[in-house]
Protein chains: 2
Amino acid sequence: MTISIYDGFMPDSYPAPARFPVTVDVVALTILGGALHVLLITRLLEPFRGTLALPGGFVLAAEDLVAAARRELAEETGVEQVPGHLEQLGSYGPAGRDPRGDVLTVAHLLMAPNFPVLAAGSDAEHAAWYPVGNVMDGSLELAFDHRQILDDAVERAKSKLEYSPLGAAFCGEEFTIAQLRAVYEAVWGTRLDPRNFHRKATGTPGFLEDTGQMFMGDAGRPAALFRLAPAARASAGQPTRAVLNPPLMRPHG
Amino acid sequence: MTISIYDGFMPDSYPAPARFPVTVDVVALTILGGALHVLLITRLLEPFRGTLALPGGFVLAAEDLVAAARRELAEETGVEQVPGHLEQLGSYGPAGRDPRGDVLTVAHLLMAPNFPVLAAGSDAEHAAWYPVGNVMDGSLELAFDHRQILDDAVERAKSKLEYSPLGAAFCGEEFTIAQLRAVYEAVWGTRLDPRNFHRKATGTPGFLEDTGQMFMGDAGRPAALFRLAPAARASAGQPTRAVLNPPLMRPHG
DNA sequence: TCAAAAGTGTTCCGCATACACCCATGC
DNA sequence: GCATGGGTGTATGCGGAACACTTTTGA
């Protein structure tokens, strides 16, 4: 067996390996009116001009992937510091996903509390929240393979809720148990028993921290306000099993 | 807000976006002598010449990521059809992980039964199995950020065993319950109760299929031979929750 | 007969599920 | 008072953990 020119790096005299444009795409999810929503832009250029697509753009030289995703999000929403939890989802391509050539994209998942998207001028790609359900049932079309990426992102979000404290990433800094439950119900598309959810959420050590404050809703008894406990906050990124073990089970299958 | 030249694709008149060399790296895991092993090559070229590294190489034009990983594995092991389950793990870079510049790598995870690696000639990078424990405890050094990638891969493998039937990917086509249990014990680094594991494995609908054959070991009663049930085989790649629900729990935390 | 490993039965208990019930607010 | 939602108590049952016990081979 001989050494292929593509095995590891080669001396300068060897032909250079193929180079690819690399983009980051972001599946930004949030809860709006009890339903899961995704941030989409309307493309201004060909291909797929006028079609909805995930926000994203090219990775710059010497730039990290998550940093690139964060930068693109800020640029396309007009929001300096986008809130929520951002993590890498997976890579797609480079073959056969763009009509103009090989483009590798690294998709990211943002689980965020609802934040207002700044309306851009008419010459900029306009970002806005769209119900995920409208993409799933086919009433909204997405450019490129973004439908597939969205599917994967939603599936990832669903499973994240089971064994990680990241459901709270959809809430603000402080939230009630009912608000947290609404997140689980929206993402999983199910109803959960309020009483049992309350016990599980408050009873899991290292998950929630009582702020001592109260939240007055439209009706009914005021609810206690919670925040993420430091332990859960620290473990947000890592593949931890420290909290929510055994996991919060999503019903059925 | 104006349109950045990096937002989406630009007309030909705009400057081209940065292009990156893209590699695929493969963390090939298997069980040898009851311990988790990883496939490593010894680098023949700078940088990290003489250091152990994950097998991998550059993605070709118009090539898919998993296909590239499969091709590189075949090239560097001399094995035409590498067995086991191959999936994408995640992407690393492009910033700050290679002394010579920005290289994006897409890491992959192979969970495979033990297969012999063909000894390459002295001029080729030689692939061989090494105990994962020897990397973890620092007695083996890896090139680039491959230590980090290995850590992530092992963690992924651990969690895969919990809720997917992919533990069987470490076994051959047919296997006994004890062999399957040895996989779980090696990956998780724990001991499992043989009796309870047997009940859980055989009792999970859609997981295992009895071949009717028997396997004679060194001592003791012969064990029944099983294979993956069709349902589990089909769901191998997808984020399924069809089998192993509730999951096989790994002890403690 | 004994060792060793396969496989079954049984007990215990934590926790998910379901739901009755009480608490605290606005109207 | 009544409606509405927050929060607690409690019974039931599934399934994981632990382990006694039987089965089937080789030596």
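Residues numbered from 1 in each chain as written. Chains lettered and ligands numbered in written order. Predicted model: local features only at pLDDT ≥ 70, side-chain atom pairs only at ≥ 80, totals over all residues. Heavy atoms only, no water.

For chain A, an unreviewed UniProt entry supplies the name NUDIX hydrolase and the organism Arthrobacter glacialis.

Enquirer: Teacher, can you tell me more about the packing of aromatic side chains here?
Expert: Two numbers describe a pair of aromatic rings. These are the distance of the centres and the angle of the planes. The tally for this structure, following the rule as stated, stands at eight aromatic pairs over all chains. Their ring planes at 85° and their centres at 5.3 Å tell us that Tyr184 of chain A and Trp188 of chain A sit as a pair that is edge-to-face. Pair noted here: Tyr184 of chain A and Trp188 of chain A are both in helix H4 (residues 177-188), with a separation of four residues, about one helical turn. Take Tyr184 of chain A and Trp188 of chain A: they sit in the same class, and that class is buried. Ring geometry for Tyr184 of chain B and Phe197 of chain B: centres 5.2 Å apart, planes at 65°, overall edge-to-face. With a gap of 13 residues between them, Tyr184 of chain B in helix H4 (residues 177-188) and Phe197 of chain B in helix H5 (residues 194-203) connect regions that are remote in the sequence. On the accessibility criterion, Tyr184 of chain B (0% relative accessible area) is buried. (Phe/Tyr/Trp six-rings, centres within 6.5 Å; stacked < 30°, edge-to-face > 60°. Helix = DSSP H or I, 4+ residues; strand = E, 2+ residues; numbered from the N terminus. Buried < 20%, exposed > 50% of the residue type's maximum accessible area, 1.4 Å probe, protein only.)

Enquirer: It is not clear to me how the protein's contact with DNA strand D should be interpreted in this structure. Could you clarify?
Expert: Around DNA strand D, 20 residues are found, and the nearest of them are Arg195, Gly220 and Arg221 of chain A together with Arg195 and Asn196 of chain B. Considering DNA strand D, the proportion of its atoms within 4 Å of the protein that are sugar or phosphate atoms stands at 48%. A distance of 2.9 Å is found between a base nitrogen of DNA strand D and a side-chain nitrogen or oxygen belonging to Arg221 of chain A. Between DNA strand D and Lys200 of chain B there is a distance of 2.8 Å, counted from a phosphate oxygen to a side-chain nitrogen or oxygen. Secondary-structure elements contributing two or more residues to the surface near DNA strand D are H4, helix H5 (194-203) and strand S9 (223-228) of chain A together with H5 of chain B. It is H5 of chain B that contributes the most residues to the surface near DNA strand D, four residues altogether. (Near = heavy atom within 4 Å. Polar contact = N/O pair within 3.5 Å; in protein donor to acceptor, adjacent residues only side chain to side chain.)

Enquirer: Can you help me understand the protein's contact with DNA strand C in this one?
Expert: Among the 20 residues in the neighbourhood of DNA strand C, the closest are listed as Arg195, Asn196 and Lys200 of chain A together with Arg195 and Ala224 of chain B. Among atoms of DNA strand C positioned within 4 Å of the protein, sugar and phosphate together represent 51%. Note that a base nitrogen of DNA strand C is positioned 3.1 Å from one of the side-chain N or O atoms of Arg221 of chain B. In the model, a phosphate oxygen of DNA strand C is placed 2.9 Å from a nitrogen or oxygen of the Ala224 of chain B main chain. Taken together, the elements giving at least two residues each to the surface near DNA strand C come down to H5 of chain A together with H4, H5 and strand S9 (223-228) of chain B. With four residues, H5 of chain A is the largest single contributor of residues to the surface near DNA strand C. Its residues assigned to classes, the surface near DNA strand C comprises seven nonpolar, four polar and nine charged. (Nonpolar A, V, L, I, M, F, W, Y, C, P; charged D, E, K, R; others polar.)

Enquirer: I'm lost on the environment of Asp64 of chain B in this one. Help?
Expert: Topologically, Asp64 of chain B is positioned in the loop between strand S4 (56-58) and helix H1 (65-77). In contact with Asp64 of chain B, not counting residues within four places along its chain, are Gly93 and Ala95 of chain A. (Contact = heavy atoms within 4.5 Å.)

Enquirer: Would you mind going over the UniProt feature "transmembrane region" (unreviewed entry) in chain A with me for this structure?
Expert: Mapped onto the present numbering, the UniProt feature "transmembrane region" (unreviewed entry) falls on residues 20-41 of chain A. Along residues 20-41 of chain A one finds 0% helix and 91% strand; the C-alpha atoms at either end are 24 Å apart. (UniProt positions renumbered as here; feature names shortened; annotations may be inferred.)

Enquirer: I tried to follow the pattern of salt bridges on my own but got confused; where do I start?
Expert: Think of it this way: side chains of opposite charge can pair up when their charged atoms draw near. Within the structure shown, the criterion is met by 26 salt bridges over all chains. Taken together, the shared-partner salt bridges in this structure form one network comprising Glu63, Arg71, Glu72 and Glu75 of chain A. (Salt bridge = Lys/Arg side-chain N within 4 Å of Asp/Glu carboxyl O.)

Enquirer: Which parts of the structure should I look at to understand the packing of H4 of chain A against H5 of chain A?
Expert: How two helices sit against one another is set out by the angle between their axes and by the gap between those axes. Residues and elements named next belong to chain A. Following both chains from N to C, one finds H4 and H5 inclined at 105°, their axes separated by 10 Å at the closest point. Relative to H5, the element H4 is oriented roughly perpendicular. For the pair formed by H4 and H5, the contact residues are Ile177, Leu180, Arg181 and Tyr184 on the first element and Pro194, Phe197, His198, Ala201 and Thr202 on the second. Counted by class, the contact of H4 with H5 contains six nonpolar, two polar and one charged residues. (Axes fitted to C-alpha atoms, helices over the stretch in contact; angles between N-to-C directions. Parallel < 35°, antiparallel > 145°, perpendicular 65-115°, else oblique.)

Enquirer: Teacher, can you tell me more about the side chain of His85 of chain B here?
Expert: Along the chain, His85 of chain B turns up in strand S5 (residues 85-92). A distance of 2.9 Å separates polar atoms of two side chains, one belonging to His85 of chain B and the other to Glu87 of chain B.

Enquirer: I'm lost on the environment of Phe115 of chain A in this one. Help?
Expert: All names here are of chain A. With respect to the element layout, Phe115 can be found in the loop between strand S6 (104-111) and strand S7 (127-131). Expressed as a C-alpha distance, the spacing of Phe115 and Gly90, which sit 25 residues apart in the sequence, is 25 Å. Every residue in contact with Phe115, bar those within four places of it in the chain, is listed here: Thr77, Val79, Val82, Pro83, Leu110 and Trp129.

Enquirer: How should H4 of chain B be read in this particular structure?
Expert: Each α-helix turn comprises 3.6 residues. Residues three or four places apart therefore point the same way. Residue and element names in this part refer to chain B. An ideal rise of 1.5 Å per residue puts 16 Å on 12 residues; H4 measures up with 16 Å between its terminal C-alpha atoms. With nine of 12 residues buried, H4 is to be regarded as a mostly interior element. All of the buried residues in H4 are Ile177, Leu180, Arg181, Val183, Tyr184, Glu185, Ala186, Val187 and Trp188. Looking at the packing, one finds that the buried side of H4 touches strand S1 (19-32), strand S2 (35-42), helix H3 (146-163), H5, strand S8 (208-215) and S9. After H4 finishes, the residue Gly189 shows a positive phi value of roughly 65°. (Expected span 1.5 Å × (residues − 1).)

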